[in-house]
Amino acid sequence: MNERLHLALLRGAALLVRAPEREEWLAEWRAELWYVGRTQRTSFCLGAFRDAYWLRRNGPAPVYLQSPWHCLALLATLAALSLCLAFQLPLPRDILLSPQLPTGLVSITGIPLEDYRQLPVATSRSAFYGPVRFREGNLNVALASRNLFDLLNVSLAPVANPLVLINGDARLIGSSLSVAGRAAQVAATLSNRAWQLPGSANAWLLVDDQTLATESLGYVVAQMNPSTTNISVPHSNSSVARFICVPLAAPKLLVAFLVMMMAVTLVLPAVTTMSLGEYPGRHARRWIFLAAKSALVLVIVLFGSLDLFSLIALHLEAHAMIVGSVIGLRWVLIDQRRRCPVCLRVLTNPTTIGEPSRTLLEWYGTELICTKGHGLLHVPEMRNSYSEQRWLRLDSSWSGLF
Amino acid sequence: MILQAIHAGHGYGFSVMEMTGLPSGTVYPAMRRLERDELIRSQWEKPSIAEAELRPPRKYYKLTRAGKATLDASQKRYPLIAKLIPAAEEVEQG
């Protein structure tokens, strides 16, 4: 049993090794495992994962990432795929296409219908909706003012007794239903995400304010100054009822993205060095490539997170976006550091130069070369403020060697 | 240390691990780097030898000429290395 587990661990580690070297490494690990003592076998197998990680980190970049154009084409394809998938899957599509709430809307919760009628706000700019009033099969129906969805910028089909379904099939629009003995026609269907107000029902029957009737407390949506924090309604017995107004901020994808980027900017320097090294001369293409790569990676992370978490039905998109952006941008910086600044191809043939014992007196690190003969990159083994990776340009007199 | 261990006759990965005390996950990458820098070279044992002894074939490592020169330079600088990892014959005699 243990033998199988160890073999499975080695096979798992081998999967992390690039295909051409996989068999060789697996054979060596398996051969070595035979000699390892029983008590050390598990730690030996776990060490194989460190070997594989080292190989991935220090081995040559995959062929499809070596050329800058192939790299950008691959990233663009992934970005396009994640974007297309986002518009196909229901949850990401709702987030992307859900109607934005108009500015200046406030919500009041737990207000009696009588007090709503006394509010010092024009009835055309306010709407009342109550808790669930009827149950019709699977439908929990609540009553709402006729202009509720106008205030929310949701367009309705022109029908006599409009009913709005949450999570309903769009093909139902125009069909008739009987709700609590009265006929109603489906005027619109909304997704769960599109309903962004307090209170929940899966069908809203829209009626005139005069016919609204409920003894329960309800909700009000009103268009007023968003800085209004509370509103008073005088009662006939000279008492005053005060209600708290909560502004309904329109959730903007751009704002969420900017907040995410701020978090990523704070975390990124902790997981990788931000310096791209010393490169004499101007290399505008290098910066354009970096910007394009970063933009594509962010698109992949943004829409990929939405797609993935909608498939596994977990609301962890925001967390995944932040973690994914940090990992993605870390890769962008690492990839950028190992490219030739002239042709942007991945540098090859790493060679260790010097010895660790000479760190203080001499240069010690790895030298990489551009196969097109543009230059050499010297990467110090120990990065510090005075020892950055440096690019050594080779002039045309060296071209005969390449 | 790894060069000294290989030179001392500990010619395969696990033996180097045992002798140097370095963990798995450190020794093999280090040996790959030494191989990449042409300080050591590796060779799989003939399967017939391993089959005769009812064990899997080993991958043996040997020092190259450049590896021997590097080891000599290291030993001059750090004579303790040779004492820490003596050659296999010396251990048997001792």
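Given the structure is predicted, the values throughout are model-derived calculations rather than measurements.

A. Summary view of the pairing of strand S14 (residues 375–380) of chain A. All names here are of chain A. With five bridges connecting them, strand S13 (residues 365–369) and S14 associate as antiparallel partners. Within the sheet, the bridge partner assigned to glycine 365 lies in S14 and is proline 380. In textbook terms, the turn of a hairpin is the stretch between consecutive antiparallel strands, and for S13 and S14 this stretch comprises five residues, one of which, glycine 373, has a positive phi near 80°. Alignment of S14 against strand S15 (residues 390–393), held across four bridges, turns out to be antiparallel. Note that in S15 the partner of leucine 377 across the bridge is tryptophan 391.

B. Representation of the packing of helix H5 (residues 68–88) of chain A against helix H10 (residues 284–311) of chain A. Residue and element names in this part refer to chain A. The N-to-C vectors of H5 and H10 enclose an angle of 30°; their axes lie 8 Å apart at closest approach. The orientation of H5 with respect to H10, classified from their angle, is roughly parallel. Here H5 runs over H10; the crossing is left-handed. Where H5 abuts H10, its residues Pro68, Leu72, Leu75, Ala76, Leu78, Ala79, Ser82, Leu83, Leu85 and Ala86 lie against Phe289, Ala292, Lys293, Leu296, Val297, Val299, Ile300, Phe303, Gly304, Leu306 and Asp307. By residue class, the composition of the contact of H5 with H10 is 17 nonpolar, two polar and two charged.

C. Up close: the sheet that holds strand S4 (residues 162–166) of chain A. All names here are of chain A. Taken in spatial order, the nine strands make up an open sheet running S5-S6-S4-S7-S3-S2-S8-S1-S11, and their pairing is mixed. Strands with a single pairing partner mark the edges of an open sheet, and in this sheet they are strand S5 (176–179) and strand S11 (246–247). Bridge count between S4 and strand S6 (residues 182–190): five bridges; the pairing is parallel. Looking at the pairing, proline 162 lines up with glutamine 185 of S6.

D. Here's a closer look at the nonpolar core. Residues Tyr129(A), Leu148(A), Leu163(A), Val164(A), Trp204(A) and Val220(A) are the most contacted members of the largest nonpolar core, which totals 38 residues. Secondary-structure elements contributing two or more residues to this core are strand S1 (105–111), strand S2 (126–136), strand S3 (139–145), helix H8 (148–151), S4, S6, strand S7 (203–207) and strand S8 (218–223) of chain A. With five residues, the single largest contributor to this core is S6(A). Apart from the residues lying within four places of it in its own chain, the contact partners of Val220(A) are Ile108(A), Ile111(A), Tyr116(A), Leu119(A), Ser126(A) and Phe128(A). In this structure, Leu9(A), Ala52(A), Val16(B) and Met31(B) belong to the second largest nonpolar core, which totals 31 residues.

E. Region of the structure containing the interface of chain B and chain A. Residue-level contacts link 15 residues of chain B with 17 residues of chain A. Those elements giving two or more residues to the side of chain B that touches chain A turn out to be helix H2 (13–20) and helix H3 (27–36) of chain B. Per element, the largest residue contribution to the side of chain B that touches chain A is three residues, and it comes from H3(B). The residue makeup of the side of chain B that touches chain A, split by class, is six nonpolar, three polar and six charged.

Here is what the cut-offs are and how they apply
- Residues numbered from 1 in each chain as written.
- Chains lettered and ligands numbered in written order.
- Predicted model: local features only at pLDDT ≥ 70, side-chain atom pairs only at ≥ 80, totals over all residues.
- Pairing = 2+ DSSP bridges.
- Helix = DSSP H or I, 4+ residues; strand = E, 2+ residues; numbered from the N terminus.
- Axes fitted to C-alpha atoms, helices over the stretch in contact; angles between N-to-C directions.
- Parallel < 35°, antiparallel > 145°, perpendicular 65-115°, else oblique.
- Left-handed = near helix turned anticlockwise from the far one by under 90°.
- Contact = placed C-beta atoms within 7 Å.
- Nonpolar A, V, L, I, M, F, W, Y, C, P; charged D, E, K, R; others polar.
- Core = buried A, V, L, I, M, F, W, Y, C linked by C-beta atoms within 7 Å.
- Buried ≥ 20, exposed ≤ 12 C-beta atoms within 10 Å, placed from the backbone.

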